[in-house]
Amino acid sequence: MLLKNAKLYGQEGKWDISIQADQINSIKQAASSAEATDEQTIDLKGNIVLPPYVEPHIHLDYVLTAGTPRWSQSGSVFEGIEIWSERKQLVTETKDDIKKRALTAIKMQLKHGIQHVRTHVDVSDPTLKGLKALLEVKEEIKPWMDLQIVALPQEGLYTKPDGEELLIKALEMGADVVGGIPHYELTREDGVRSVFKALELAVKYDKLVDIHCDEIDDDQSRYLEVLAGEALKLGIGHRITASHTTAMASYSNAYTYKLFQALRKAKINFVSLPKANLHLQGRFDGHPARRGITRVKELLADDINVCFGLDSIMDPWYPLGDGNLMSVVDTGLHACHMTDYAHIVKALDLITINGAKTLAIEEGYGIKEGHQANLIVIDSESEYEAIRTQASVLYSIRNGKIIVETKPAETTMNIPLLS
Ligand code: 17E
Ligand code: FE2
């Protein structure tokens, strides 16, 4: 396959990308390889080519359950957890039901150019049904998507006697990443203990770590310092992710200054979920209401890795969502005051390379000769316009084959003045 006249994300000029079998064979300046071949040729007309989008944080076992058994009244994180717990008792689902919901969401993600996903799975449920379902989905979807699974003790690791046992079982069954939710434990001490335990298990079982960390508007919720401090001591920061960290929006600047000293050294990864947390946070505030988004701009300015994710597609926490990360970028840039030129033109880093770093898959990720031919083409010739118009994904190519193709919308205006 030959992709002609591509703009490479972040680079000037036009390029011809030749794909042989499942690999990127060559990337040459557009003019130099104009000769006709009998292989499939697509003229990209200057549209941008990027590596596939990375969704670093979704809950595929929760998708498409909003409203069952009831809708959230407060819109808060904690009511979401309550509703999910009620649902587990009231709604009986088979493993296949869960798989079906997950695959419906995956279809939305693939449509929007995502090929790499990290999903959390609730392992507070003694049947571990969700985990079993997603372990099967992970194998079945492999030709089209890489799925990482986080074992999340959604109802707390130490709130029930079998929490730790279930987490270990999940890791032994094949979960890739150790999860945690320290701000939901009953005491500060249990929260700290749950973070230590997650890192201890990650080392023992050779797994990554992704903690739901400080997802609360409480300026006293300070598990991030525990996570970063322990990651630094163990020297495994690059394998650690702090998700949400919304309390950071409420920390004093004096404390944040101190915290950032540790973050710069620890080199852990951050996932910000701007749509989900704009919706979930600030719910106890009245006005003025806090945004409840972690300090994305400040983290990036200090060379700390941050990526954006969606978190939810119609679940007890968040009633909307269709898998589209471009919409998350749009919301995130606004909510984080990153709507200046320099941030706009680099914004797609937040759902590509920064996500790949978080998932520890940077090796082999990116448009380079010799890499696996995994890439997307978006409907825009400039990075700036891509963000402004929320450009759609025209092609998603995986292992050298077009797996998703979308025709651009066409508008006709019968207004002579404007035609
Ligand atoms: N679980 C949680 O603790 N927080 C969230 N935002 C979601 C699930 C979606
Ligand atoms: Fe989450």
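Structure shown above.
Residues numbered from 1 in each chain as written. Chains lettered and ligands numbered in written order. Predicted model: local features only at pLDDT ≥ 70, side-chain atom pairs only at ≥ 80, totals over all residues. Heavy atoms only, no water.

(A) Seen up close, the side chain of Arg-398. Along the chain, Arg-398 falls in strand S15 (residues 393-398). A distance of 2.8 Å separates the side chain of Arg-398 from the backbone oxygen of Lys-142, its partner in a polar contact. Ignoring sequence-local partners within four residues, the contact set of Arg-398 consists of Gln-115, His-116, Lys-142, Pro-143, Trp-144, Met-145, Asp-146, Ala-373, Asn-374 and Ile-403. (Helix = DSSP H or I, 4+ residues; strand = E, 2+ residues; numbered from the N terminus. Polar contact = N/O pair within 3.5 Å; in protein donor to acceptor, adjacent residues only side chain to side chain. Contact = heavy atoms within 4.5 Å.)

(B) How the structure looks around the sheet that holds strand S12 (residues 269-272). On the basis of which strands lie adjacent, the open sheet formed by 8 strands has the order S6-S7-S8-S9-S10-S11-S12-S13 and parallel pairing. Two strands close off the open sheet at either side, each with one partner strand: strand S6 (53-58) and strand S13 (306-308). Direction aside, neighbouring strands of the sheet carry axes that sit 20° apart on average. Of the strand pairs in this sheet, strand S10 (residues 208-213) and strand S11 (residues 240-244) are connected by 5 bridges, and their pairing is parallel. What sits directly across from Asp-210, in S11, is Thr-241. (Pairing = 2+ DSSP bridges. Axes fitted to C-alpha atoms, helices over the stretch in contact; angles between N-to-C directions.)

(C) View of the side chain of Arg-101. Residue placement: Arg-101 occurs in helix H2 (residues 95-111). A distance of 2.8 Å separates polar atoms of two side chains, one belonging to Arg-101 and the other to Glu-93. With residues up to four places along the chain from it excluded, the contact list for Arg-101 reads Leu-60, Asp-61, Tyr-62, Val-63, Leu-64, Thr-65, Arg-87 and Glu-93.

(D) Spotlight on the packing of aromatic side chains. Under the counting rule described, the total for this entry stands at 5 aromatic pairs. Ring geometry for Phe-78 versus Tyr-184: centroids 5.4 Å apart, planes at 45°, classification tilted. Of this pair, Phe-78 sits in helix H1 (residues 77-90) while Tyr-184 sits in the loop between strand S9 (177-180) and helix H5 (188-205), placing them 106 residues apart in sequence. A relative accessible area of 28% means that Phe-78 is categorised as partly exposed. A centroid spacing of 5.0 Å and a plane angle of 85° characterise the contact between Tyr-251 and Tyr-255, whose relative ring orientation is edge-to-face. According to the relative accessible area criterion, Tyr-251 is buried, its value standing at 4%. In this structure Tyr-255 comes out as buried when scored by relative accessible area, which is 9%. Taken together, Tyr-62, Trp-84 and Trp-317 form an aromatic cluster joined through their ring pairs. (Phe/Tyr/Trp six-rings, centres within 6.5 Å; stacked < 30°, edge-to-face > 60°. Buried < 20%, exposed > 50% of the residue type's maximum accessible area, 1.4 Å probe, protein only.)

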